[in-house]
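Working through the structure, step by step
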Amino acid sequence: MENIKAYIESGVLELYVLGDLSTDEKLEVERVLETYPELKTEVEEIEKALQGFAEAEAVEPKEALRSKILDSMNTGAAENDIPVLPITKPNSSFYKYAFAASVALLLLSLFALINLRSQLKDSHNQIAVLQQSNQKFTSRVNYVEKQLDETRQSLNIFHNPEQYKVVNLKGTPNAPTASIMVAFNPAKSEVMIDLASIKMPANDPSHQYQLWALVDGKPVDLGVFNAGNDTTGVLKMKSLAKAQAFAVTLEPKGGSINPTMEQMMAMGAI
Amino acid sequence: MNRKTKISLPEDQLVQAIRQKQRIGSEALYDMYSASLFGVIVRIIQDEELAQDLLQETFVKIWNSFDSYDEKKGRLFTWMVNVARNLSVDKVRSKDFRNNSKNQDIETSVVSIDEQRNTTLNPEVLGVKEMVENLKPEAKAVLDLIYFKGYTHVEAAEELGIPLGTVKTRVRLAIINLRKLFN
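Parameters and conventions
- Residues numbered from 1 in each chain as written.
- Chains lettered and ligands numbered in written order.
- Predicted model: local features only at pLDDT ≥ 70, side-chain atom pairs only at ≥ 80, totals over all residues.
- Heavy atoms only, no water.
- Helix = DSSP H or I, 4+ residues; strand = E, 2+ residues; numbered from the N terminus.
- Contact = heavy atoms within 4.5 Å.
- Areas by Shrake-Rupley, 256 points an atom, 1.4 Å probe, with all protein chains shown as cover.
- Patch = residues over 30% accessible without salt bridge, like charges linked within 9 Å, V, L, I, M, F, W, Y side chains within 5 Å.
- Salt bridge = Lys/Arg side-chain N within 4 Å of Asp/Glu carboxyl O.
- Lys, Arg positive; Asp, Glu negative; His and termini not counted.
- Charge placed at Lys NZ, Arg CZ, Asp CG, Glu CD.
- Buried < 20%, exposed > 50% of the residue type's maximum accessible area, 1.4 Å probe, protein only.
- Buried area = accessible area lost by both parts, 1.4 Å probe.
- Expected span 1.5 Å × (residues − 1).
- Axes fitted to C-alpha atoms, helices over the stretch in contact; angles between N-to-C directions.
- Parallel < 35°, antiparallel > 145°, perpendicular 65-115°, else oblique.
- Left-handed = near helix turned anticlockwise from the far one by under 90°.
- Phe/Tyr/Trp six-rings, centres within 6.5 Å; stacked < 30°, edge-to-face > 60°.
- Lys NZ or Arg CZ within 6 Å of the ring centre and 35° of its normal.
- Pairing = 2+ DSSP bridges.

Observations regarding the overall build of chain A
- Tallying secondary structure elements over chain A gives 6 helices and 8 strands in all.
- Taken from the N to the C terminus, the helices and strands of chain A come in the order α-α-α-α-α-α-β-β-β-β-β-β-β-β.
- Considering only intrachain contacts with a sequence separation of at least 6, the fraction spanning at least 24 residues in chain A is 56%.
- Here chain A has roughly 17400 Å² of accessible surface; of this, 59% comes from carbon and sulfur atoms.

Next up, the structure:
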């Protein structure tokens, strides 16, 4: 109790009530007051005394000041006060949703990308297939055009009988059943074999048939041909303006300079 | 012009009314304490108009920062008078105030205010006031410096040229005398 008495007599409680202490000193006094409740009555006595002192020294302000000051104090909770709304936290939930949306968008984009990629691959495959069939078709058209051209040429022979001389070559004793048709146009120096008319024994790969013309008793080479594989159109042979007869011999592949008379397969005179 | 009735509330009800920002709370607060607070403010400020502004500032601050008042730590008036004193002292020590006012010395200032305002003093405490005047002059001088001039006890010691311990003793003595009068 000695300490409390000394504490009271130090005058620190008076300074505390007068607000004349540093923050630390103030907190220290408050801590002491918590510990020693009997000091609180001392503080209350000091407060009452100073309040009485202030009342005794009071100065009445001007009457007009009252309403002015009261107006500047924000009163009337019912009419004036804006109700305090609980502040929602937009931030955390906003970012949460924004993040989720971003992830969803990313996944969607990835899915679309993969999808597009596979579609592109499919398209490439389709284009390749189309190109292939297009090539096939083109070569088919070329082939058909070539055939058509050959057919036209052979038809030409029959359409112009005055220009073409058609010579039927008959088989020799070497090939009694053989026959072949040769068309000869002396005006254009054209010699053609009608492939459809070839009725010759099939030649082996090391031999070919060779067409000859007899011009004034001498054999003239008109080129080689094969029997058996190609049966449409006409085969244009070497040029010739004059002939009395045609003959076919079997010669080694590529043909010979002079005909091998023993291998004479067919012949016919104009 | 004096209104016949002034609103008065017990302190706990007053505190509650202020917390709820009720009009009755602000009126009672003003009626009960404006004169006491103005007495402190006008003595520190020395200028009637400025003191009125400061009184308004004080009530607005009390009203708006009422959350910082803790009734467990002391009486409402103790908190309010410290708000008033701090605002007034800040004003007095601000540059523009020092440049604009003719400084008077302490002894004459308190007396001059009281001489000017002898008619407006609270009649109920007139007798008490005379008794206050009769307090030991050297003790009251210290209390006046702190209470009505906004000095700290350290500044008061310097002003009066006396040791810090003596200032504290005189403050305590002055308040003990007041306690005899009011409690």
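From this point on, the discussion continues.
Thoughts on a negative patch on the surface
All names here are of chain B.
- On the surface, Asp 47, Glu 49, Asp 53 and Glu 57 cluster together to form a negatively charged patch.
- Tracing the sequence through the fold places Asp 47 in the loop between helix 2 (23-45) and helix 3 (48-64).
- Residue class for Asp 47 comes out partly exposed when judged on its relative accessible area of 34%.

What to know about the interface of chain B and chain A
- The interface is formed by 63 residues belonging to chain B together with 45 residues belonging to chain A.
- In this assembly, chain B packs against chain A so that about 5100 Å² is buried in total across both faces, 58% of it on carbon and sulfur atoms.
- Ranking the residues of chain B by area buried against chain A places Tyr30(B), Arg75(B) and Arg172(B) at the top, with a combined share of 13%.
- Viewed at the interface, chain A and chain B are joined by 8 salt bridges.
- Here Arg172(B) and Glu42(A) are joined by a salt bridge, their closest N and O atoms 3.6 Å apart.

Some words on helix 10 (residues 164-182) of chain B
- Across its 19 residues, helix 10 of chain B extends 27 Å between first and last C-alpha, which sits within 8% of the 27 Å expected from 1.5 Å per residue.
- Those residues of helix 10 of chain B lying buried are Val167(B), Val171(B), Arg172(B), Ala174(B), Ile175(B), Asn177(B), Leu178(B) and Arg179(B).

Here's the deal with a nonpolar patch on the surface
Residue and element names in this part refer to chain A.
- A surface patch of nonpolar side chains, amounting to about 610 Å² of accessible area, comprises Phe 99, Val 103, Leu 106, Leu 107, Leu 110 and Leu 113.
- As for its placement among the helices and strands, Phe 99 is situated in helix 6 (residues 90-159).
- Residue classification places Phe 99 among the exposed residues on the basis of a relative accessible area of 60%.

A word on the packing of helix 3 of chain B against helix 4 (residues 76-93) of chain B
All names here are of chain B.
- Running from N to C, helix 3 and helix 4 cross one another at 135°; their axes reach a closest spacing of 9 Å. One element, helix 3, and the other, helix 4, form an angle in the oblique class. Judged by the twist between their axes, the crossing of helix 3 over helix 4 is right-handed. Contact with helix 3, carried on its side by Leu 50, Leu 54, Glu 57, Thr 58, Lys 61 and Ile 62, involves Trp 79, Met 80, Val 83, Ala 84, Leu 87, Ser 88 and Lys 91 of helix 4 and no other residues of that element.

A short note on the pattern of salt bridges
- Tallying each qualifying case throughout the model produces 16 salt bridges over all chains.
- Of the charged contacts, one joins Arg179(B) and Glu42(A) as a salt bridge, the two residues approaching to 2.9 Å between their closest N and O atoms. Taken together, the positions of Arg179(B) in helix 10 and Glu42(A) in helix 4 (residues 38-56) put the pair across two chains.
- In this structure Glu42(A) comes out as buried when scored by relative accessible area, which is 12%.
- Of the charged contacts in the structure, one is a salt bridge between Asp144(B) and Lys140(B), with a shortest N-O distance of 2.8 Å. Placement of the pair is Asp144(B) and Lys140(B) together in helix 8 (residues 137-149), with a separation of 4 residues, close to one helical turn.

Concerning the packing of aromatic side chains
- What the rule picks out here adds up to 11 aromatic pairs over all chains.
- Taken together, the aromatic side chains of Phe53(A), Tyr147(B) and Phe148(B) make up a single cluster linked through ring pairs.
- Taking the ring centre of Trp63(B) as reference, the NZ or CZ of Lys21(B) above it sits at 5.2 Å.
- Between the NZ or CZ atom of Arg43(B) and the centre of the ring of Phe148(B), over which it lies, the distance is 4.6 Å.

As for the pairing of strand 4 (residues 207-215) of chain A
All names here are of chain A.
- Within strand 4, 7 of the 9 residues are buried, which leaves the element mostly enclosed by the surrounding structure.
- Relative to strand 7 (residues 245-252), strand 4 runs antiparallel, the two being bridged by 8 bridges. What sits directly across from Gln 210, in strand 7, is Thr 249.
- In this sheet, strand 5 (residues 218-225) lies alongside strand 4 in antiparallel orientation, the contact comprising 6 bridges. Each bridged residue has a counterpart across the sheet, and for Ala 213 the counterpart in strand 5 is Val 220.
- Two successive antiparallel strands, strand 4 and strand 5, enclose a turn made up of 2 residues, where Asp 216 displays a positive phi of approximately 50°.

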